[in-house]
Structure formats: C-alpha cells, structure tokens
Amino acid sequence: IFSIANQVYRGLQSILSPLILALIPYMARNKDVRLFMRLFKFIMFLIIIKMLTLIVLLNFFNYHLLESLPGFENYFTLFLFTFILYAGNAFMGYPFLSNLGHAETANRSALFGAMVYIAFNGILFTVNELSVITIILSVMLSEFFIFYIRLHKTIKLVALNEKILE
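Calculation notes
- Residues numbered from 1 in each chain as written.
- Predicted model: local features only at pLDDT ≥ 70, side-chain atom pairs only at ≥ 80, totals over all residues.
- Heavy atoms only, no water.
- pLDDT = per-residue confidence, 0-100.
- Helix = DSSP H or I, 4+ residues; strand = E, 2+ residues; numbered from the N terminus.
- Buried < 20%, exposed > 50% of the residue type's maximum accessible area, 1.4 Å probe, protein only.
- Contact = heavy atoms within 4.5 Å.
- Phe/Tyr/Trp six-rings, centres within 6.5 Å; stacked < 30°, edge-to-face > 60°.
- Expected span 1.5 Å × (residues − 1).
- Core = buried A, V, L, I, M, F, W, Y, C linked by side-chain atoms within 4.5 Å.
- Patch = residues over 30% accessible without salt bridge, like charges linked within 9 Å, V, L, I, M, F, W, Y side chains within 5 Å.
- Areas by Shrake-Rupley, 256 points an atom, 1.4 Å probe, with all protein chains shown as cover.
- Salt bridge = Lys/Arg side-chain N within 4 Å of Asp/Glu carboxyl O.

### A few points about the confidence of the model for the protein
When pLDDT is averaged along the protein, the result is 87, and 90% of the positions lie at 70 or above. When the elements of the protein are averaged for pLDDT, helix H2 (residues 33-65) gives the smallest value, 83, and helix H4 (residues 103-126) the largest, 95.

Put into structure tokens, the structure is as follows:
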C-alpha cells in the first residue's frame, strides 16, 4: 500500500520537472522576479486546489474503491500534503534562488532537510517507533524545513527586488 502511494507521489513530482527545467534557463537569462513570483503563486494555487480536491475525492470514493487497500487513504493524504511542500521547494530552489546568486541557500536547505530526515528516522529507529506513517512524516518534516529555509530567503529577495524597482 505504501509503495502505491509513494509511486503516485513520485509521479506527481515528475509532472513538475518539465516546468521547472524550463524555468531554470529563463531565470538565468532574465532574472524576472516579478514574473517568477506571479507564476509561482499561480502554480502553487493550482497545486493546492488539486491536492485538496484529490483528498476530498479520495475520502468520498474510499468506501467503494479502496476497501481492498486499508491504510492507502492515510498514506496518500500525507504524500499529497508533502507534495505541496515539495512543489514549493522545487520552484524556489534552482529556478529562483540559484539563478539569483543564492545557490548555496538551495543546496544547504536540501542538505539540512536530508539531515533532518536521517536524524528523525534514527531517533525513531532507536526508540523502536519506525513505521510507514513515521517514514512519510519524516519526509514531510524534511520538506517542511527545506520549504521554510527557501521561503525565508525568497521573501527577502523579493522584498529587496521591490525596493530596487521603486
């Protein structure tokens, strides 16, 4: 069951790849912060609406379609919320931060997220509480820390850009 939910999560990640890969050279060439932020807000809005819709539909159809997959709804719901964080991380990372000269923030946030993931799972393993749900929660926690670090830097850069354009 976990494997199915994880594959859906991986599939959702791969849907974003072409857009992110297209943004990297555009931002490197133009460094258009305003356009990027409009696109970022629009894409994140769409992703949040789609993920919430999927969660509602999953809960609605769970009684009929997923009776043979106990636990799938919980795993899938957690992965959908994690995907929202991942999408924000993917857009703020290399297309935005690295092309504005802040690749170290993108790299360090990813490294910090990996350390959080390893530490959290290490603690859970030590206290014998490692389970499928806690592994998904550790992915979500690491994505949250990456998101927080990148969002903090993005807000600073956007504010600086607004001052420059005034």
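### A short note on the side chain of threonine 154
Structurally, threonine 154 can be placed in helix H5 (residues 132-165). Under the relative-accessibility criterion, threonine 154 is labelled buried at 2%. Each residue touching threonine 154, except ones within four places of it in the same chain, is listed here: Met37, Met92, Phe96 and Leu97.

### Quick look at the packing of aromatic side chains
Applying the stated criterion to the full structure yields seven aromatic pairs. With 4.9 Å between their ring centres and 25° between their planes, tyrosine 9 and phenylalanine 79 make a pair best called stacked. One end of the pair, tyrosine 9, is in helix H1 (residues 2-30); the other, phenylalanine 79, is in helix H3 (residues 72-97), with 70 residues separating them in the sequence. Taking relative accessible area as the criterion, tyrosine 9 reaches 3% and is therefore assigned buried. Using a relative accessible area of 3% as the deciding quantity, one classes phenylalanine 79 as buried. Their ring planes at 65° and their centres at 6.4 Å tell us that phenylalanine 40 and phenylalanine 91 sit as a pair that is edge-to-face. Residue phenylalanine 40 is located in helix H2, and its partner phenylalanine 91 is located in helix H3; the two are separated by 51 residues in the primary sequence. You'll find phenylalanine 40 and phenylalanine 91 in the same group, each marked buried.

### A look at H4
Here H4 spans 34 Å end to end across 24 residues, near enough to the 34 Å set by a 1.5 Å rise per residue. All of the buried residues in H4 are Thr105, Ala106, Ser109, Gly113, Val116, Asn121 and Leu124. Residue asparagine 128 follows H4 closely and has a positive phi angle near 60°.

### Topic: the nonpolar core
Counting 38 residues, the largest nonpolar core has Leu16, Phe36, Ile47, Phe83, Phe91 and Phe96 as the members making the most contacts within it. For this core, the elements supplying multiple residues, two or more each, are H1, H2, H3 and H5. Considering each element in turn, this core owes the most residues, 15 residues, to H3. Beyond its immediate sequence surroundings of up to four residues, leucine 16 is in contact with Ile47, Phe83, Tyr86, Ala87 and Phe91.

### Concerning a nonpolar patch on the surface
On the surface, Phe42, Phe45, Leu46 and Ile49 cluster together into a nonpolar patch covering about 380 Å² of accessible area. Checked against the element boundaries, phenylalanine 45 lands in helix H2.

### Focus: the side chain of asparagine 121
Relative to the elements of secondary structure, asparagine 121 occurs in helix H4. When sequence neighbours within four positions are dropped, the list of residues in contact with asparagine 121 reads Leu130, Thr134, Ile135 and Ser138.

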